[in-house]
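An overview of the molecular structure
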Amino acid sequence: MALKASPENTIFALDIGTRTVIGLVAVPEDGRLRLAAQRLVEHRRRTMLDGQIHDIPGVAEAVRAVKKELEGELGFPLRHVAIAAAGRSLITRSCHIEQETSGQEIDWPEVNALELAAIQQAHRELAAEPPPSGQDFTCVGYSIVSYYLDGYPISNLVGHRGKTIGADVLATFLPGSVVNSLYAVLQRVELEPLSLTLEPIAAIEAAIPENYRLLNLALVDIGAGTSDIAITRDGAITAYGMVPVAGDEITEEIVQTCLVDFDTAERMKRELVRGEDIRYMDIVGMENTISCQDLLARIDPALERLAREISTQILAQNGGRPPRSVFCVGGGGQIPGLTEKIARHLELDKNRVVLRDRRSLGQVLMVEGEDQIPGPEGVTVAGIALVALRKLGHDFIHIMVNGVEHRLFNAREFTVGNVLALTGFNPRLLIGQNGKNLAFTLNGKRQVIYGGLSQPARILVNDREANMQTRVAHGDRIVVHPAVNGKDARATAADLLPPPGTITVHANGRPVETAALCLINGQAAEPTREITPECEVEICSVKPLFEWLAEHLAASPVELDAWEVLVNGRAVPPTYRLHDGDRVDYRPVGRENPTQEILPRHQEIPGGNFSSELTQSITVTVNGSTVNLTGRSSYIFIDIFNYIDLDPGGLKPPIRLTLNGKEASFTDELHDGDIIEIGVLNRKPRSHGL
C-alpha cells in the first residue's frame, strides 16, 4: 500500500528556469520517487535571462504561485525545498583527498566527511587563484569520480575496513551572486533550502542511470537561457560545461523574422513540434499564417548556431572526441531538427542524439495516472528530487543566528563572516558610526566638539566571545549584538558660559568679575539654546564697554569723555563688549603720571551683589625714588606704572623686576615700605673661539 503524502515523508523540488518554474512533490519508496503533485507556472515577464535571476520579486511571484497550488492539492504547507542552479559562469575543480581511518568498519558519515573535506580543499584551491571579475564562488554540487581503499579504486567504501580511504571529487562552483539570488527568492516565499545542486547534475541523475555511466555519454539540458552539459565515462561523471545559448535564441530569431513580440514568438516556437501551420498577429496588427517548414527555414541559422555551440562545448569537455551518444532534456531540446544538427556537428549517427522525456524515468519516478508534464522539460525537476533523496541530511548544516535556524550548503569551512553573508545579515549593523562633530566659531577661533565614539558589534559563538574569523560548525549558535552608533555632539549656550556665569577682565591690572552673555550669530541667546554647526558664538560681557565703564567708574556717560580707555593696548568703540581675559587700561585724559584718579566705588561679583571698598595709601621706593600710591584698597606691582614715567610696553626683554630684593611679577601684591627695582638685564657678549 502506497504511503500517503505528509510533511514528514515528502520531498519538494523546484526547477526555477528562465521561462518556467516547475514544482514537484514526491514520496520516497524503495529508492524511487512516487509523484504526489506537480505544477508548472510561466513567468509573467522576462524575470530571468540566461539562467540568471534578474527580477527577484518577479521570480518569487511565480514560485509562490507554484507553492500555493501544490499546498492546496496536498492539504499541508511546504517548508523545505530542493533546488538547482543553472551553470552560468560555471567553474569546475578536480580534487583528490586521502584520510586515515579509525580501523573500524567504514560507515556513511565517515564517507560523507571525506567528500566534504575534498570539497573544502577544492574551495581553498579555487580561493587561492585570482577570482574572475573579483567574484566570490560557491560550491553548488559535486560528483564522486572514484573512491579509494588503501590506494586501490573501489566503487563503495561503506562496510569495508582499511587504513586509508580516498576520493577523486569533481566539484562545481558558481558565483555567489547566483546562489544568493536563489536564496533571496526562497526567503520571500518562506521556504528553506533542503538541497542544492547543479542542474546538469540533477538532469543526469534522472536521465542516465548509474549502469549507463560506464559508457562515454553526454547529457545536454537545453533550457530557455542556458544549455548545461555533463559527460560520463568509466562509471562516473567526469566533466561539466555550459553554453549561454538555448531556446531563447530561437525565440528571438522568430521575433526578428516575423516582427512579433517575445511572448508570441515563444508560442510559435512551441507550436513547431505539431508540424502544422501557425497563425499569429504581428506588431502592426496584421494577422498572418506561416507553415511549419517556412518558419523552420527562417530560424535555421539560429538553430545551426545553437547546435554548433552545444557540440563545441561537448567536444571541449570530452577531450576533443565525440561521445558514444548524447541525451537531450529540457524544453529547448524539442525544436524539430536540433538533435539532427547536433549529431551532424559531432559526426554521429542521428539516432545517437536522442531526446529523453518522462517516459524514460520509470525506474526512478513512478507516476500514477496521466503525467501532466510528460515531456523533456519535466526531467530536471525529477533529478533535483532524486539528488535530495540520495544526499538527504548530508548537504546542509544547521546554524542558529540570533535565534533563527539557517540551513547552509556544507561545501566549505564556515566562519562567522561566511554565515552572516549567506544568511542575509545586514553588514551595516556590524560597523558603528561615530557621532557627528559640532564645529563652530567661539570668540573668533575655530572650535570642534567631537561626537561620541561608537561601540563595536559584539559576536558570541556558543556564548563565547568571537569575531568574524571564528570558525563555526553544524549546530553552533551565533549571537550578534549590533554596533551602537556614537551620539552626535551637542552644546547649548549654557555649556559655553564659564561656570559662575561671569568672565574676568583686568581693570588697570586688577581682576574684576562681570556678568557674561552668549551671543549666537550676533543675537543674545537663552542658556538652553542649541549651538548649531558653523555658527558664530561670542562669550562677552552683558553690557557694552561704555555702560560697563560707567558702572565701574561710577561716572555718567558725559564724564566718561574725560577718560582715555584702551582694551588690550588699543582703542575700541564704545559698543565693544569685553571678553574673558581682556585688559582694560584707563586714565584721565592728559595725565601721564597721575597721583590720584577717580576710583571705582563698586566691584561686580557673581550674583550681582556689590560691596563698598575702603581706600588706603602706601609709600614704596622705585629705583631709589619715593612713590605714593593712593585711592585704592590694595595694589599690585603693575599699578606702579601709573605713578612713574616708565612705559612697561617700551621695555625690551629680558626685564628685571625685583620686590624687596627678590624676583617679582606684575601681579605681586604691594605693601607700604616695599623696595622695587625695574630695569633691563645686561647681556654678556658671546666669545668666539677658534
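These lines cover the structure that appears in this document, whether it is placed above or below. (Residues numbered from 1 in each chain as written. Predicted model: local features only at pLDDT ≥ 70, side-chain atom pairs only at ≥ 80, totals over all residues. Heavy atoms only, no water.)

**So, the pairing of strand 23 (residues 445-449)**
The side chains of a regular strand alternate between both faces of the sheet. So the rule is basically this: For two strands to be treated as a pair, DSSP must find at least two bridges joining them. Strands are runs of DSSP state E lasting at least 2 residues, helices are runs of H or I lasting at least 4, and numbering of each runs from the N terminus.
With five bridges joining them, strand 22 (residues 438-442) and strand 23 adopt antiparallel strand pairing. The residue bridging Phe440 from the neighbouring strand is Gln447, located in strand 23. Hairpin connection of strand 22 to strand 23: two residues between the antiparallel strands, including Asn443 at a positive phi of 50°.

**A short note on the sheet that holds strand 8 (residues 137-149)**
What counts is decided by this rule: Axes, fitted as lines to C-alpha atoms, cover a helix only where it is in contact. Angles between the N-to-C directions of the axes lie from 0 to 180 degrees. Residue contacts follow a heavy-atom distance rule, with two residues in contact if any of their heavy atoms lie within 4.5 Å.
Read from one edge to the other, the open sheet built from four strands follows the order 7-10-8-9, with strand pairing classed as antiparallel. The sheet is open, and its two edges are formed by strand 7 (91-100) and strand 9 (152-154), each paired on a single side. Neighbour-to-neighbour, the strand axes of the sheet open up by a mean angle of 40°, direction not taken into account. Inspection of the sheet shows strand 8 paired to strand 9 by three bridges, in the antiparallel sense. Following the sheet pairing, Tyr147 is matched in strand 9 by Ile154. On top of the sheet, helix 2 (residues 108-127) reaches strand 7, strand 8 and strand 10 (164-175); it is set at about 130° to strand 7, its chief contact.

**Focus on a nonpolar patch on the surface**
For clarity, the cut-off: Surface patches are defined over residues having more than 30% relative accessible area and no salt bridge, joining like charges when they lie within 9 Å and nonpolar side chains (Val, Leu, Ile, Met, Phe, Trp, Tyr) when within 5 Å. Per-residue accessibility takes into account occlusion by the displayed protein chains alone, with areas from the Shrake-Rupley method and a 1.4 Å probe. Within this document, salt bridges are pairs made up of a side-chain nitrogen of Lys or Arg and a carboxyl oxygen of Asp or Glu, the two lying within 4 Å of each other. Per-residue accessibility, obtained with a 1.4 Å probe over protein chains only, is compared with the maximum for each type, and a residue is labelled buried under 20%, exposed over 50%, and partly exposed between these values.
A contiguous nonpolar patch, built from Leu259, Ile283, Val284 and Met286 and spanning about 440 Å² of accessible area, is present on the exposed surface. Its place among the elements puts Ile283 in the loop between strand 15 (278-281) and strand 16 (287-290). You can call Ile283 exposed: its relative accessible area is 61%.

**Some remarks on the pattern of salt bridges**
Going through the model one piece at a time under the given rule, you end up with 28 salt bridges. Here Glu276 ties to Arg274 by a salt bridge, and the two come within 3.1 Å at their closest N and O atoms. Taking the shortest distance from any N to any O, the salt bridge between Glu465 and Arg458 comes out at 2.6 Å. Classification of Glu465 as exposed rests on a relative accessible area of 54%. Among the ionic contacts, a cluster of salt bridges with common partners joins Glu42, Glu266, Lys269 and Arg270.

**As for the pairing of strand 30 (residues 536-541)**
Direction of pairing for strand 22 relative to strand 30: parallel, over a ladder of two bridges. Among the inter-strand pairings, Leu442 is bridged to a residue of strand 30, identified as Val537.

**A closer look at the side chain of Glu71**
Here Glu71 shows up in helix 1 (residues 56-74). Overall, the relative accessible area of 19% leaves Glu71 in the buried class. Apart from the residues lying within four places of it in its own chain, the contact partners of Glu71 are Phe76, Pro77 and Leu78.

**Details of the packing of helix 5 (residues 247-258) against helix 7 (residues 292-317)**
Basically, it comes down to this: Rotating anticlockwise by less than a right angle from the far helix to the near helix defines a left-handed crossing, while the corresponding clockwise rotation defines a right-handed one. In this count, Pro and Cys sit with the nonpolar residues alongside Ala, Val, Leu, Ile, Met, Phe, Trp and Tyr, while Asp, Glu, Lys and Arg are called charged and the others, Gly among them, polar.
Here helix 5 crosses helix 7 at 140°, and the two axes come no closer than 9 Å. Handedness of the crossing formed by helix 5 with helix 7: right-handed. From helix 5, Glu249, Ile250, Glu253, Ile254, Thr257 and Cys258 reach across to helix 7, where they touch Leu295, Arg298, Ile299, Ala302, Leu303, Arg305 and Leu306. Taken together, the residues that form the contact of helix 5 with helix 7 break down as eight nonpolar, one polar and four charged.

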